[in-house]
Amino acid sequence: MVSKIVPATALLLSLALPVAGQAKPKYGYSGDIAPEKWGKLSPEYAACGIGTSQAPLNIVTAKTVKDANSQPLKPDYIPGPAEITNTGNGIKVQLKGDLKIGSADYKLLEFHFHAPGEEAIDGVHYPLNAHLVHADSAGNLRVIGVNLKVGAPNAYLESVWNKLPTNKGGSVKVNLPSLAGLLPSSLAYYTYSGSLTTPPCTEGVQFFILKEPVTISTNQLETFVKLYPINARPVQPLNGRVIKSSN
Ligand SMILES: [Zn+2]
């Protein structure tokens, strides 16, 4: 019998591997890993299948409730270093920024895109949307949704698209202008409690979907759609939730 001596470093490495390799189960937008299957892909994705406050939603504007006490969104975004990642399911940009909603403070974590736009307004999806993800110190998530329609080129997006890593898994460090450049002039919104729209579909995420869209040129839209023709989760059941409308 040949006893094999395993060097300590190799042993450590092999012990470490299951942890290091503990990648989240792969999800996607078609076939065996399509959104309808997410809840069954992994126990940690269960909320995707059995959650009752899931996102995105179709916002039926006639059924929204005007909230006289709605808190204005006060973003304080600054130019600075950012990292653009082609995640394999979309494009994510990590950068710093602040958001105040009422007296509560949130930090910008990242923003990313969905084609077509995930939230529908009266059943209609925009060709693209951006989700700007923020968290408070307790980890409560607040997402601002910006819808993009075809029109004039979007100068802010150009600064991102210029540097876009086209290889899946690729990332690049850049300096970006203030994300305020992606926002419309009005920050009036529809708001509801939903979930992450990707696995693990965690609930308790408050969405602020801006009513006013911004524009993107056909070429800019094409740039994204060439990489990701569809990376949007279908709209989810409302289950009695009320969508509020800001002033
Ligand atoms: Zn999103």
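Only a predicted model underlies this, so the values are computations on that prediction, with no experimental measurement involved.

(A) Main features of the overall build of the chain. Along its length, the chain carries 5 helices and 14 strands. Taken against the 2.2 N^0.38 rule, which gives 18 Å for 247 residues, the C-alpha radius of gyration of the chain at 20 Å falls within 12% of a compact globule. Projected onto the principal axes, the alpha-carbon positions of the chain cover approximately 80 × 40 × 40 Å. When the 247 residues of the chain are sorted by exposure, 33% land in the buried category. A fraction of 66% describes how many contacts in the chain between residues 6 or more apart in sequence connect residues 24 or more apart.

(B) Region of interest: the pairing of strand S8 (residues 128-135). With 6 of 8 residues buried, S8 lies mostly within the body of the structure. Sheet topology note: the strand S5 (residues 104-114)/S8 ladder contains 7 bridges and is antiparallel. Residue pairing in the sheet places Leu 108 in a bridge with His 134 of S8. Relative to strand S9 (residues 141-150), S8 is paired through 8 bridges, and the arrangement is antiparallel. In the strand pairing of S9, Ala 130 is matched with Val 146. As consecutive antiparallel partners, S8 and S9 are separated by 5 residues, and within that stretch Gly 139 has a phi angle of approximately 90 degrees, a positive value.

(C) Layout of the confidence of the model for the chain. Averaged over every residue, the pLDDT of the chain is 92; the share at 70 or more is 91%. Confidence over residues 1-21 falls short of pLDDT 50; this stretch has 1 contact with residues more than four positions distant or in other chains.

(D) The sheet that holds strand S1 (residues 58-59), seen in detail. One open sheet accounts for 3 strands, arranged S1-S6-S7; its pairing is mixed. Only two strands of the sheet have a single partner each, and these edge strands are S1 and strand S7 (124-125). Looking at chain direction, S1 and strand S6 (residues 120-121) are connected through 2 bridges and run parallel. Bridge pairing links Ile 59 to Ile 121 in S6.

(E) Summary view of the environment of Ser 159. Within the element layout of this structure, Ser 159 appears in helix H4 (residues 155-161). Placed 17 residues apart in sequence, Ser 159 and Leu 176 show a C-alpha to C-alpha distance of 6.7 Å. The residues touching Ser 159, leaving out its near neighbours within four places in the chain, are Leu 176 and Pro 177.

(F) Region of interest: unusual backbone geometry. Across the junction of Ala 55 and Pro 56, the peptide omega takes the value 5 degrees, indicating a cis bond. If you trace the backbone, Pro 56 turns up in the loop between helix H3 (46-50) and S1. In this model, Ala 115 is joined to Pro 116 through a cis peptide bond whose omega is -10 degrees. With respect to the secondary-structure elements, Pro 116 resides in the loop between S5 and S6.

(G) Representation of the environment of Tyr 106 in the model. Looking at where Tyr 106 falls in the secondary structure, it is placed in strand S5. Along the chain, Tyr 106 and Val 150 lie 44 residues apart, while their C-alpha atoms are 30 Å from each other. Filtering out sequence-adjacent residues up to four positions away, Tyr 106 remains in contact with Leu 99, Ile 101, His 134, Ala 135, Asp 136 and Arg 142.

(H) Local environment of the environment of Ile 230. Inspection of the secondary structure puts Ile 230 in the loop between helix H5 (218-227) and strand S14 (244-245). Each C-alpha atom of the pair Ile 230 and Gly 181 lies 25 Å from the other, and the pair is 49 residues apart in sequence. When neighbours within four sequence positions are excluded, Ile 230 is seen to be in contact with Tyr 29 and Ala 115.

Thresholds, definitions, all that
- Residues numbered from 1 in each chain as written.
- Predicted model: local features only at pLDDT ≥ 70, side-chain atom pairs only at ≥ 80, totals over all residues.
- Helix = DSSP H or I, 4+ residues; strand = E, 2+ residues; numbered from the N terminus.
- Rg over C-alpha atoms; globule rule 2.2 N^0.38 Å.
- Buried ≥ 20, exposed ≤ 12 C-beta atoms within 10 Å, placed from the backbone.
- Contact = placed C-beta atoms within 7 Å.
- Pairing = 2+ DSSP bridges.
- pLDDT = per-residue confidence, 0-100.

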